[in-house]
Amino acid sequence: MSSKPQNTITNELQQDFRALYIKILSDLEKDQPKELRYFYFGTPESCDLLSIEHAGKISWTDVSSLKEGLSAVGRQDLVETLEEFEMKTNLALLLDAFVRIRKGIPRQNLFKDIEAIAGCLAKSTDDALDKNKFKVKSLRKSKKSIEQVMMSLKEKIETNPTGPWTKKLALLTVIAGELLSETETKNEDFARSLPKAVMRCSSEICSGMTSLDEWDEFCLYVKERYDEVYCEHDHSANDVKKKVDDVIAPLMQTRFFHEPGNS
């Protein structure tokens, strides 16, 4: 008996991208498909736009070329749709990496920048999360769907007047990651059901972001906050400076380097 092929977050995101791309093509108007074919192939005729992924011109991991083409044919609205997909993708990859860290599952090491952000969030909060696993499980069971739980969390966090939006987004992301980690499924079903749950959480979270610039701002906040909290006692830079001074100071007192009249 053959086993079912294991679903992964990358498979889910690739399929999500293809569905979006089909919709984008169906939304093109008048001469825009012809113009887009010209953009990619240098000819407006007899070129299948569905083949450009296979040709390596676009992929779910890099939609920059497609955004450029859609912008060239005057469809900035579809460019914005693709940017929403990029934000959702980034958050999905972050949540997937967070869960892998929390459950001790080997990471994919395909998106190292995003996985580094996930590592900052997971490592910074692991003690508190470990102590509250029961409460997280109870929260997960309080609603039928994880989307409903996420909506309740968003409402509570967003009404908190303290802290910047980046802090609130980080808090929501951490709790979402822990909810996904503590979802009760049989071991063999966990990896198969996780990607769809990740995508649902990602959609809820990224609805609060309006641009890729905000994604970059969020990542910068997490990195800087992590360094501020966990690297503030790193005196290695000062130690090096002191050692450099210790080497230079005696030499400056030798007759060769000591200028007359200088004390």
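Cut-offs and rules
- Residues numbered from 1 in each chain as written.
- Predicted model: local features only at pLDDT ≥ 70, side-chain atom pairs only at ≥ 80, totals over all residues.
- Heavy atoms only, no water.
- Helix = DSSP H or I, 4+ residues; strand = E, 2+ residues; numbered from the N terminus.
- Contact = heavy atoms within 4.5 Å.
- Areas by Shrake-Rupley, 256 points an atom, 1.4 Å probe, with all protein chains shown as cover.
- Phe/Tyr/Trp six-rings, centres within 6.5 Å; stacked < 30°, edge-to-face > 60°.
- Buried < 20%, exposed > 50% of the residue type's maximum accessible area, 1.4 Å probe, protein only.
- Salt bridge = Lys/Arg side-chain N within 4 Å of Asp/Glu carboxyl O.
- Core = buried A, V, L, I, M, F, W, Y, C linked by side-chain atoms within 4.5 Å.
- Expected span 1.5 Å × (residues − 1).
- Patch = residues over 30% accessible without salt bridge, like charges linked within 9 Å, V, L, I, M, F, W, Y side chains within 5 Å.
- pLDDT = per-residue confidence, 0-100.
- Axes fitted to C-alpha atoms, helices over the stretch in contact; angles between N-to-C directions.
- Parallel < 35°, antiparallel > 145°, perpendicular 65-115°, else oblique.

## A closer look at the overall build of the protein
When helices and strands are tallied, the protein shows 11 helices and 0 strands. Taken from the N to the C terminus, the helices and strands of the protein come in the order α-α-α-α-α-α-α-α-α-α-α. Summarising the internal contacts of the protein: among those between residues at least 6 apart in sequence, 69% fall at separations of at least 24. In the structure as shown, the protein presents an accessible area of about 16,300 Å², 52% of it carried by carbon and sulfur atoms.

## Topic: the packing of aromatic side chains
Counted by the stated rule, this structure contains 5 aromatic pairs. Taking 6.2 Å as the distance between ring centres and 15° as the angle between the ring planes, the aromatic pair formed by F17 and Y21 counts as stacked. Of the two residues, F17 and Y21 are both situated in helix α1 (residues 9–27); the distance of 4 residues between them amounts to about one turn of the helix. Residue classification places F17 among the buried positions, given a relative accessible area of 1%. On the basis of relative accessible area, Y21 is assigned to the buried category, the value being 5%. The structure contains a cluster of three or more aromatic residues connected by ring pairs, namely F17, Y21 and F85.

## Focus on the pattern of salt bridges
A full pass over the atoms with the stated rule returns 11 salt bridges. The closest approach of N and O atoms between K196 and E12, which form a salt bridge, is 3.2 Å. On the criterion of sequence distance, the pair formed by K196 in helix α9 (residues 187–206) and E12 in helix α1 is long-range, its members being 184 residues apart. Looking at K196, the relative accessible area reads 41%, which means it is partly exposed. Overlapping salt bridges, with partners in common, bring together K67, E83 and E86 in one network.

## Let's talk about the nonpolar core
Formed by 63 residues in total, the largest nonpolar core has its most connected members in F17, L70, L121, L180 and F218. Top contributing element to this core by residue count: helix α4 (residues 76–103), with 13 residues.

## Side note on α4
In this model α4 runs 41 Å from its N-terminal to its C-terminal C-alpha over 28 residues, within 8% of the 40 Å that 1.5 Å per residue would give. Of all 28 residues that make up α4, 20 are buried, and the element is covered over most of its length. Of the residues one or two after α4, G104 is the one with positive phi, at around 70°.

## Considerations on a nonpolar patch on the surface
A surface patch of nonpolar side chains, about 610 Å² in accessible area, is lined by V240, V244, V247, I248, L251, M252 and F257. Relative to the elements of secondary structure, M252 occurs in helix α11 (residues 236–252).

## Points about the confidence of the model for the protein
Predicted confidence across the protein gives a mean pLDDT of 82, with 85% of residues reaching 70 or more. The spread of mean pLDDT over the elements of the protein runs between α11, the lowest at 72, and helix α3 (residues 64–72), the highest at 94. Taken together, the stretch residues 1–5 has pLDDT below 50 and engages in 1 contact with residues farther than four places along the chain or on a different chain.

## Quick word on the packing of α4 against helix α10 (residues 212–230)
Two elements in contact, α4 and α10, have axes separated by 9 Å at closest approach and are oriented at 25°. As judged from the angle between their axes, α4 and α10 are roughly parallel. Each of E83, E86, M87, N90, L91 and L94 in α4 lies in contact with α10, whose residues at this interface are L212, W215 and F218.

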